[in-house]
Number of protein chains: 2
Amino acid sequence: MRITDILEITVPLEGDVANALVNFRTHTVSLVAVVTDARRGSRPVVGYGFNSIGRFAQGGILRERVIPRLMAAGPGELLNAAGDAFDPVGVLRAAMRDEKPGGHGDRAGAVAAIELACWDVNAKLADEPAYATIARHYGRRPADAVPVYAAGGYYYPEDSTRRLAGELRRYRDQGFAAYKIKIGGAALGDDIARIEAALAIAGPGANLAVDANGRFDFTTAAAYAEALRPYGLRWFEEAGDPLDYDLNARIVSAYGGAVATGENLFSLQDARNLIAFGGMRPGIDIFQMDPGLAYGLDEYVCMLAAMEARGFDRAQAHPHGGHLINLHIATALGLGGCEAYPGVFQPFGGYGPGCVLGDGMVIPSDAPGWGLEEKPELRHALGRLA
Amino acid sequence: MRITDILEITVPLEGDVANALVNFRTHTVSLVAVVTDARRGSRPVVGYGFNSIGRFAQGGILRERVIPRLMAAGPGELLNAAGDAFDPVGVLRAAMRDEKPGGHGDRAGAVAAIELACWDVNAKLADEPAYATIARHYGRRPADAVPVYAAGGYYYPEDSTRRLAGELRRYRDQGFAAYKIKIGGAALGDDIARIEAALAIAGPGANLAVDANGRFDFTTAAAYAEALRPYGLRWFEEAGDPLDYDLNARIVSAYGGAVATGENLFSLQDARNLIAFGGMRPGIDIFQMDPGLAYGLDEYVCMLAAMEARGFDRAQAHPHGGHLINLHIATALGLGGCEAYPGVFQPFGGYGPGCVLGDGMVIPSDAPGWGLEEKPELRHALGRLA
């Protein structure tokens, strides 16, 4: 097998929502296709991937650096020993040729989109869903179903609290039992009103997480921690700058309840620093690193190993993203759960109609690969790519 | 004053050299021009900047994210209160609109190139060299001259040790008195032979630094530390992964002599983590963060403040880069010194003919701004940009 072409397009995210820090109107995603000379029937096997959501498309880095390196690599560099599937370690090594250590930002998403597309190829070659391929590769038994929560609760430009309640009600009607909403984009009192409106639908605090998106200094985080504590929430997410490990450790200590962070750490080394310096507690706190933003699945598996080596459990891993790719990954690797963006971030957010959702659990469909072709919202973008 | 256009081109780096990790043949730089409607005589004032050297051009991020935001910003957002110069804080804020925290990689260079070009505009408006503008802005008296060392000593594909000695001899003839060479791209014994060949020209160990470019694990770093210690070298640079603060602290402790790191930290928060967790010692170790790779000059000044707040001295700051922009910055801010790449990384490496070099010190020319227009090697690229 060899790669005959790698295509990439920039897809805008739909929806006019904002968190505490940024407006997502301008955010984009790189959707890529790795075209191979392998065939299923009369058609070449094509793998699709994308660099998760919440950041930006990486067309420049893909076209100028990553794609030329992969097209120049010999097939032996990219394939497993049997030559019948991509080797993720080889793909990453080729994609990163002549890159220096450190600086894990935009390029980590560019590389991830390609690596994830190679997993889609591998699964399609085996004619099975990606979770099955991934579980076998890493020597695991896939989960029967994965705990899922609906992430949303952004600030709408108008009538934000009422729309928040309506949004969570729709999620509940779809089969979700746990939810996450944004905080930090309003005054503390207004955010508490949002939380109470959300709890009216979510029920116990354990069904509701809140996310500050890295906005707070210690004083503000401590004030929120004080106000949030009585609600016994699912978790308090990204209170401070995601790379400020010292601040995270102080917030963990001040809050007492579960904290969550990691979606803005884009490499194994950054995750190791969070583990070493961030005050995270085995059995309590939540790690949200996202393969699609951080060099892909194999790097993510190394992060899980780093967590486990320091006494953490993979049940504490809940990857950011809320889309089909991370659903397969959470299923394959037995993670604590995954998020879903059923209402926002189309065409990537949420799952396809073949996925079964109910009682707060989700089961991916058995379509080959990630099953992106089954998601109606993605049809237009996949058509543009081909 | 308002920005009428922002231009950017990708410039390849010349030279077929390699360090322990990467070959620089493929490396590129974004050269940008910020065109204003201010005039000096009949011509618009144009500021030039670039994202240092050693990484890659950022055309995609510049065209898709940074430049549109700056062109959409109102002049009030970008200028100082008097409206007669760019405000670097406002420029950074506009350039980063809708960017999330964390992920300080490629975008940090894209933003830096623009911010540095705005400093070139500010200095040209004042009809003075950039070091004078910068020193005044930050309330400092510029240094009369700056200690400089010649960085080079890469691995050439053939006849590497003999060419190394010839290279250092040329630098000495140009007026350099201190040098830096690469290690870690050969076996320890071969690297020691390179060091001894270099010391034959450099003289005492204090005139020679060595740079491993982040290649070593602790065991290898400790073996090198043991072998290097008797030479009393200027510093032992980037022994391990630049973000592995725990490893850095262990290497500092194992080596004893001065270590240097930081050129692959691209944000204030990463620098704060190095200060907090990396074991760096006030008065001894060297910080090499590079404004051109890390959001520009104002972020760099915040890094210096973070160092000083923890008992470090700005004499411990030696920015990576080896080019005119960092020479002006080191002069303006009274840093410990700067590097120069007189032999490699053209057209950006080294200084212009108007700069005075001798006795291991360098003085920037008095050309307005960074003086990039005075550097003959840059003439072609600046012509392409216009």
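Worth saying up front: this structure is predicted, and the values here are computed from it rather than measured. (Residues numbered from 1 in each chain as written. Chains lettered and ligands numbered in written order. Predicted model: local features only at pLDDT ≥ 70, side-chain atom pairs only at ≥ 80, totals over all residues.)

A. Focus on the overall build of chain A. Along the backbone of chain A there are 13 helices and twelve strands. The C-alpha atoms of chain A give a radius of gyration of 20 Å, which matches the 21 Å a tight globule of 386 residues would have. Dimensions along the principal axes, computed over C-alpha positions, put chain A at roughly 60 × 40 × 40 Å. Evaluated residue by residue, chain A yields a buried proportion of 58% over its 386 residues. Long-range pairs, those at least 24 residues apart, make up 71% of the contacts in chain A with a sequence separation of at least 6. (Helix = DSSP H or I, 4+ residues; strand = E, 2+ residues; numbered from the N terminus. Rg over C-alpha atoms; globule rule 2.2 N^0.38 Å. Buried ≥ 20, exposed ≤ 12 C-beta atoms within 10 Å, placed from the backbone. Contact = placed C-beta atoms within 7 Å.)

B. Highlighting the interface of chain B and chain A. The interface is formed by 37 residues belonging to chain B together with 37 residues belonging to chain A. Take the side of chain B that touches chain A: its biggest share by element is five residues, from helix α10 (residues 268-277) of chain B. Residues that form the side of chain B that touches chain A fall into these classes: 13 nonpolar, 13 polar and eleven charged. (Nonpolar A, V, L, I, M, F, W, Y, C, P; charged D, E, K, R; others polar.)

C. Structural view of unusual backbone geometry. Residue and element names in this part refer to chain A. Here the residue pair glutamine 346 and proline 347 is connected by a cis peptide bond, since its omega of 10 degrees sits within 30 degrees of zero. Positionally, proline 347 belongs in the loop between β10 (338-340) and β11 (356-358). Unusually for a residue other than glycine, serine 52 sits at a positive phi of about 50 degrees. Of note, aspartate 127 is a non-glycine position whose phi angle comes to about 55 degrees, a positive value. By secondary structure assignment, the location of aspartate 127 is in the loop between α4 (106-125) and α5 (130-137). Classification of aspartate 127 as exposed rests on a count of 11 C-beta atoms within 10 Å.

D. Looking closely at the nonpolar core. Counting residues in hydrophobic clusters, the biggest one holds 125 residues, and the most contacted among them are A:Val32, A:Val34, A:Ile114, A:Ala117 and A:Tyr179. Sort the elements by how many residues they give to this core and α4(A) lands first, with 13 residues. Not counting residues up to four positions away in its chain, the partners in contact with A:Ala117 are A:Val32, A:Ala33, A:Val34, A:Gly47, A:Tyr48 and A:Gly49. Ranked by size, the runner-up nonpolar core spans 124 residues in total, among them B:Ala57, B:Cys118, B:Leu208 and B:Phe266. (Core = buried A, V, L, I, M, F, W, Y, C linked by C-beta atoms within 7 Å.)

E. View of the sheet that holds strand β3 (residues 43-50) of chain A. All names here are of chain A. In space, the three strands of this open sheet follow the order β1-β2-β3, with antiparallel pairing throughout. Both outer strands of the open sheet, β1 (3-12) and β3, are each paired with one neighbouring strand and no more. Across the sheet, the axes of successive neighbouring strands diverge by a mean angle of 25 degrees, strand direction being ignored. Looking at chain direction, strand β2 (residues 28-40) and β3 are connected through seven bridges and run antiparallel. Note that in β3 the partner of alanine 33 across the bridge is tyrosine 48. Lying on the sheet, helix α1 (residues 59-72) is in contact with β1 and β2; it crosses β1 at an angle near 165 degrees. Packed onto the sheet, α4 meets β1, β2 and β3 and runs at close to 140 degrees relative to β3. (Pairing = 2+ DSSP bridges. Axes fitted to C-alpha atoms, helices over the stretch in contact; angles between N-to-C directions.)

F. Representation of the sheet that holds strand β2 (residues 28-40) of chain B. Residues and elements named next belong to chain B. One open sheet holds the three strands; their spatial order is β1-β2-β3, and the pairing between them is antiparallel. The open sheet has two edge strands, β1 (3-12) and β3 (43-50), and neither has a second partner. Taking the axes of each pair of neighbouring strands and ignoring which way they run, one obtains an average angle of 25 degrees across the sheet. Packed on one face of the sheet, helix α1 (residues 59-72) meets β1 and β2 and runs near 165 degrees to β1. Here helix α4 (residues 106-125) sits on the sheet in contact with β1, β2 and β3, set at roughly 140 degrees to β3.

G. Molecular detail of α10(B). Of all ten residues in α10(B), seven are buried, a share of seventy percent or more. Within the span of α10(B), buried status applies to B:Leu268, B:Gln269, B:Asp270, B:Ala271, B:Arg272, B:Asn273 and B:Leu274. Those residues of α10(B) that are buried are in contact with α9 (245-255) and α10 (268-277) of chain A together with α9 (245-255), β8 (259-261) and α11 (297-309) of chain B. A positive phi of about 75 degrees marks B:Gly279, the residue just after α10(B).

H. Focus on the relation of the copies chain B and chain A. Note on the copies: chain B fits chain A at an RMSD of 0.0 Å, the axial shift is 0.0 Å, and the rotation between them is 180 degrees. Here the copies are linked by what is in effect a two-fold axis. (Least-squares fit on C-alpha atoms with pLDDT ≥ 70 in both.)

I. Inspection of the pairing of β3(B) at higher detail. Across the eight residues that make up β3(B), a large majority, six, are buried. The turn joining β2(B) and β3(B), which pair antiparallel and follow one another in sequence, is formed by two residues; a positive phi near 65 degrees is taken by B:Gly41.

J. Quick peek at the environment of B:Val111. Counting through the fold element by element, B:Val111 comes out in helix α4. Setting aside chain neighbours within four positions, we find B:Val111 in contact with B:Val66, B:Leu92, B:Ala95, B:Met96, B:Tyr295 and B:Gly296.

K. Up close: the confidence of the model for chain A. Per-residue confidence for chain A gives a mean pLDDT of 95; residues scoring 70 or more make up 97%. Scored as a whole, the predicted complex attains pTM 0.96, and scored at its interfaces, ipTM 0.95. (pLDDT = per-residue confidence, 0-100.)

L. Focus on the environment of A:Tyr131. All names here are of chain A. Along the chain, the position of tyrosine 131 falls in helix α5. Since 25 C-beta atoms lie within 10 Å of it, tyrosine 131 is described here as buried. For the pair formed by tyrosine 131 and isoleucine 329, sequence separation is 198 residues and the distance between their alpha carbons is 6.1 Å. Apart from residues lying up to four places away in sequence, tyrosine 131 is in contact with Pro142, His328, Thr331, Ala332 and Pro364.

M. Representation of helix α8 (residues 218-228) of chain A in the model. Residue and element names in this part refer to chain A. Buried residues of α8: Ala221, Tyr224, Ala225 and Leu228, and no others. Looking down the long axis of α8, one finds its buried residues gathered within 105 degrees of arc, a one-sided arrangement. Exposed residues on α8 whose side chains face more than 90 degrees from its buried face are Thr219 and Glu226. The inward-facing, buried residues of α8 contact α7 (188-202), β6 (208-211), β7 (236-237) and α9. (Arc of directions from axis to C-beta.)

N. Looking closely at the packing of α4(A) against α5(A). Residue and element names in this part refer to chain A. Running from N to C, α4 and α5 point in directions that differ by 95 degrees, and their axes come no closer than 8 Å. Here α4 is positioned roughly perpendicular relative to α5, judged by the angle of their axes. Taken together, the residues of α5 that come into contact with α4 (itself represented by Trp119, Asp120, Asn122 and Ala123) are Ala130, Thr133 and Ile134. A class-by-class count of the residues in the contact of α4 with α5 yields four nonpolar, two polar and one charged. (Parallel < 35°, antiparallel > 145°, perpendicular 65-115°, else oblique.)

O. Representation of the packing of α10(A) against helix α11 (residues 297-309) of chain A within the structure. Residue and element names in this part refer to chain A. Contact pair α10 / α11: the axes reach a minimum separation of 9 Å and the direction vectors enclose 20 degrees. Of the possible angle classes, the one that applies to α10 and α11 is roughly parallel. Both α10 and α11 take part in a crossing whose hand is right-handed. Residues Leu268, Ala271, Arg272 and Ile275 of α10 lie in contact with α11, whose contacting residues are Glu299, Cys302, Met303, Ala306 and Met307. (Left-handed = near helix turned anticlockwise from the far one by under 90°.)

P. Fine view of the environment of A:Ala271. Residues and elements named next belong to chain A. The residue alanine 271 is located in helix α10 in this model. A C-alpha to C-alpha distance of 9.5 Å links alanine 271 and tyrosine 300, two positions 29 residues apart in sequence. The contacts of alanine 271, once residues within four sequence positions are left out, are Gly262, Leu265, Met289, Met303 and Ala306.

Q. Local environment of the pairing of strand β6 (residues 208-211) of chain B. All names here are of chain B. Neither face of β6 is open: one carries Leu208 and Val210, the other Ala209 and Asp211, and all of them are buried. Here strand β5 (residues 179-182) pairs with β6 via four bridges, running parallel. Directly across from isoleucine 181, in β6, lies its bridge partner valine 210. As defined by bridge partners, β6 adjoins strand β7 (residues 236-237) across two bridges and the pair is classed as parallel.

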